[in-house]
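Each chain is listed here by its residues.
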Amino acid sequence: MMRVFPVAAMLVPLAGIGFTWLALNQIAPNFATPAIGLLPVFLIFTQYYGRGRFHICNGFYLPEALPIVVFGVIAGWAYGTNTTVTDPVSPGIWAGGAFIEGFSDIGSYIGVVLPFSIAASFVDMMCLVSAQKAGDPFPIGETMVADGIGTLIGAMLGSPFGTVVYVGHPVHKRVGAKTGYSLMNGCIYLVLCLSGVFPVILSLIPVIAIGPIIFIFGLMICEECTLHIAQRHHSAIFFGLFFGVCDYIYTQFGPANTNNGPNAMSKGSALSCMLWVAIIVYTIDRKWVHAGVFCMVAAIFAAIGLIHQNQAFDNFTTGFQDVNNTSPFQFMIGYITMAALCAFMKFLQVVNPKKLQPDEEGYENDHGYLPEISEKGVDNLFETWWDPIKGDLDKDTTVKTAKERFQDDDDV
């Protein structure tokens with residue numbers, strides 16, 4: 001799969017998650033209480049981007065997040081957004097054999113479970129590509145298997161969430177996190193969850209103090225996306241973000257029966273984004289065969305309801321909300337017509353190619369069709385997967401830790 005998916009198709013869906021759920025969704029409460037909420041958002045830029053860390057003494061600087069949290073806690077309690085402290089809760093119950101008993105009900109949910117599982121697998125690969133571009137290539141098969149085992153164990157214990165693979169590896173690296181981060185993170189969460197004090201902590205720290213800390217991760221994920229994608233493909237970035245935005249809107253505020261287009265875009269948004277970005281990238285590079293293949297893959301996914309529908313294998317001709325024009329059949333036809341156009345463009349490219357090079361006389365009068373654009377690193381990631389380990393990663397795009405970045409500023 002890594003041989004055919006362009007880099008942009010793996011990074012843009014993560015940017016969509018970062019842009020909406022990790023960024024916009026986190027700072028929305030700050031704008032709901034602007035008197036005390038705007039300063040924490042602004043502090044993100046003064047601390048992380050403006051390099052305005054507060055110096056205490058002898059070269060010791062306050063961590064970037066600390067002023068945000070301190071101000072948020074003081075302001076939240078002073079302003080009245082936090083008034084009570086929640087009591088600890090029960091740390092939970094043993095799920096027992098519930099995961100086995102649940103198999104008897106899986107039939108009616110298979111149309112939801114299957115698309116979700118496929119999307120989760122693709123998100124894992126997106127995270128691997130994101131980490132590779134930050135200079136840390138991991139074995140793909142080993143990572144996928146480990147993630148699957150971790151998720152299975154969590155599910156047996158009653159967790160509805162996937163585990164192991166982080167979204168935002170480059171951001172963790174930029175702020176100096178290493179292998180010990182995951183270990184400490186896991187141990188702290190284990191203690192907090194088993195002790196039942198999590199609600200107590202959340203009631204003590206206002207959301208206006210927590211949100212901006214998560215916001216910076218979403219923002220940096222988007223930043224990494226533009227850094228590692230060729231400039232000619234940046235239009236695909238912004239188009240791909242539409243699917244994440246639609247998913248955010250319809251998940252947060254509910255579907256609107258009168259606007260079925262954005263609603264359909266929100267269904268299977270990560271897969272839809274990945275496929276569309278691949279199609280657009282290969283269209284920009286005039287690789288019509290590749291673009292056509294991805295159009296046909298999208299047609300198959302749409303036909304069985306993995307994208308644009310509430311669930312798979314249902315309502316082939318009617319679609320969600322019984323709206324015929326957004327049915328799997330209608331989307332399948334649309335993607336097939338796109339594939340047909342790609343085939344026609346490839347035909348023109350073969351029978352009437354441009355014969356002159358841009359630096360040759362008469363080039364502007366040569367009205368043939370332009371050839372493919374081929375560039376190392378745009379697709380076929382296996383060619384360069386282990387380059388960071390070999391020291392071939394471009395020094396200009398190597399991600400530095402926070403300590404190294406601030407040391408550079410001191411040298412200047």
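The residue numbers shown here count from 1 along each chain, following its written sequence. Note on the predicted model: pLDDT of at least 70 is required for a residue's local features to be given, and 80 or more for side-chain atom pairs to be given and counted; whole-chain, interface and lining totals, by contrast, use all residues. Values reported for side chains reflect all heavy atoms of the structure, with hydrogen atoms and water molecules removed beforehand.

K.L.:
Kindly report on the overall build of the protein chain, identifying the contributing residues and their values.
P.N.:
Here a helix means four or more residues in a row that DSSP labels H or I, a strand means two or more in a row labelled E, and each is numbered from the N terminus. When you go through the protein chain residue by residue, the secondary structure sums to 17 helices and two strands. Expressed along its principal axes, the backbone C-alpha trace of the protein chain runs to roughly 70 × 65 × 45 Å. Each of the 412 residues in the protein chain was classed as buried or not, and the buried ones make up 39%. Summarising the internal contacts of the protein chain: among those between residues at least 6 apart in sequence, 71% fall at separations of at least 24. Categorising residues by exposure relies on relative accessible area from a 1.4 Å probe, with only protein chains included: less than 20% of the type maximum marks a residue as buried, more than 50% marks it as exposed, and the intermediate range marks it as partly exposed. Contact between two residues is taken to exist if any of their heavy atoms lie within 4.5 Å; hydrogens are not considered.

K.L.:
Outline helix α14 (residues 288-304), listing residues and values.
P.N.:
Given the number of residues in a helix, its expected span is that number minus one, multiplied by 1.5 Å. Taking 1.5 Å per residue as the helical rise, α14 with its 17 residues ought to reach 24 Å, and the 25 Å between its terminal C-alpha atoms agrees with that figure. Within α14 the residues assigned to the buried category are Trp288, Ala291, Gly292, Phe294, Cys295, Ala298, Ala299, Phe301, Ala302 and Ala303. Residues of α14 that are buried sit in contact with α13 (269-284) and α15 (328-351). After α14 finishes, the residue Gly305 shows a positive phi value of roughly 85 degrees.

K.L.:
Quick one: what's the story with the packing of aromatic side chains, residue by residue and with numbers?
P.N.:
Any two rings among Phe, Tyr and Trp, with Trp reduced to its six-membered ring, count as a pair given centres within 6.5 Å; such a pair is stacked if its planes are under 30 degrees apart, edge-to-face if over 60, and tilted if neither. The tally for this structure, following the rule as stated, stands at 13 aromatic pairs. Centroid distance Phe239 to Trp276: 5.3 Å. Interplanar angle 45 degrees. Geometry classified as tilted. A residue pair is termed long-range when its members are at least 10 positions apart, and Phe239 in helix α11 (residues 234-253) and Trp276 in helix α13 qualify at 37 residues. Here the aromatic rings of Tyr282 and Phe294 are separated by 5.9 Å at their centres, their planes lie at 25 degrees, and the arrangement is stacked. Of this pair, Tyr282 sits in helix α13 while Phe294 is found in helix α14, placing the two residues twelve residues apart along the sequence. A relative accessible area of 0% places Tyr282 in the buried class. Relative accessible area serves as the criterion here: at 6%, Phe294 is assigned to the buried category. By the ring-pair criterion, three or more aromatic residues cluster together here, those being Phe239, Phe242, Phe243, Trp276 and Tyr335.

K.L.:
I'd like a description of the pattern of salt bridges, backed by residues and values.
P.N.:
We define a salt bridge as a contact between a side-chain nitrogen of Lys or Arg and a carboxyl oxygen of Asp or Glu at a distance within 4 Å. All chains considered together, the criterion is met by four salt bridges. One salt bridge in this structure joins Arg232 and Asp285, with 2.7 Å as the shortest N-O distance. Pair noted here: Arg232 is in the loop between α10 (207-228) and α11 and Asp285 is in the loop between α13 and α14, with a separation of 53 residues, a long-range link. With relative accessibility at 28%, the residue Arg232 sits in the partly exposed group. Across the salt bridge formed by Arg232 and Glu375, the nearest N and O atoms sit 2.7 Å from each other. Of this pair, Arg232 sits in the loop between α10 and α11 while Glu375 sits in the loop between α15 and α16 (387-390), and the two are 143 residues apart along the sequence. Look at the salt bridges and you will find they share partners, linking Arg232, Asp285 and Glu375 into a network.

K.L.:
An account of the nonpolar core is requested, with residue identities and associated values reported.
P.N.:
Within this scheme, the nonpolar core is defined by two criteria: the residues are buried Ala, Val, Leu, Ile, Met, Phe, Trp, Tyr or Cys, and they are joined through side-chain atoms within 4.5 Å. Formed by 67 residues in total, the largest nonpolar core has its most connected members in Val12, Met274 and Val277. When residues of this core are traced back to their parent elements, those giving at least two are α1 (7-32), α2 (34-49), α5 (110-133), α10, α11, α13, α14 and α15.

K.L.:
Residues and numbers for unusual backbone geometry, please.
P.N.:
Of note in this structure, Asn58 is not a glycine but carries a positive phi near 50 degrees. Relative to the elements of secondary structure, Asn58 occurs in the loop between β1 (55-57) and β2 (60-61). One non-glycine residue with positive phi stands out, namely His308, at about 70 degrees.

K.L.:
A description of helix α8 (residues 179-195) should follow, citing residues and the corresponding values.
P.N.:
The α-helix advances 3.6 residues per turn, and as a result positions three or four apart in sequence lie on the same side. Counted at 1.5 Å a residue, the expected span for α8 with its 17 residues is 24 Å, and the 25 Å between its end C-alpha atoms agrees. Directly after α8, the chain includes Gly196, whose backbone phi takes a positive value near 75 degrees.

K.L.:
Which residues make up the packing of α1 against α2, and what are the values?
P.N.:
The N-to-C vectors of α1 and α2 enclose an angle of 140 degrees; their axes lie 6 Å apart at closest approach. With respect to α2, the axis of α1 lies oblique. Only Pro34, Gly37, Leu38, Pro40 and Val41 of α2 make contact with α1, whose side of the interface consists of Ile27, Asn30, Phe31 and Ala32. Lys, Arg, Asp and Glu make up the charged group, whereas Ala, Val, Leu, Ile, Met, Phe, Trp, Tyr, Cys and Pro make up the nonpolar group; the residues left over, Gly among them, are polar. The residue inventory of the contact of α1 with α2, partitioned by class, reads seven nonpolar, two polar and no charged. Lines fitted to C-alpha atoms define the axes, with helix axes restricted to the stretch in contact, and inter-axis angles between N-to-C directions lie between 0 and 180 degrees. For classification purposes, an angle smaller than 35 degrees is called roughly parallel, one larger than 145 roughly antiparallel, one from 65 to 115 roughly perpendicular, and anything else oblique.

K.L.:
Can you tell me about the environment of Ile229, naming the residues and giving the values?
P.N.:
Structurally, Ile229 can be placed in the loop between α10 and α11. Excluding anything up to four places from it in sequence, Ile229 contacts Ala8, Leu11, Val12, His234 and Ile237.

K.L.:
Break down the packing of α13 against α14 for me, with residues and values.
P.N.:
At a minimum axis distance of 8 Å, the contact between α13 and α14 shows a crossing angle of 160 degrees. By the criterion of interaxial angle, the relationship of α13 to α14 is roughly antiparallel. The interaxial crossing formed by α13 with α14 has left-handed handedness. Only Trp288, His290, Ala291, Phe294, Cys295, Val297, Ala298 and Phe301 of α14 make contact with α13, whose side of the interface consists of Leu271, Leu275, Ala278, Ile279, Tyr282 and Thr283. Here the contact of α13 with α14 is built from residues that sort into twelve nonpolar, two polar and no charged. Should the near helix be turned counterclockwise from the far one by less than a right angle, the crossing is left-handed, whereas a clockwise turn marks it as right-handed.

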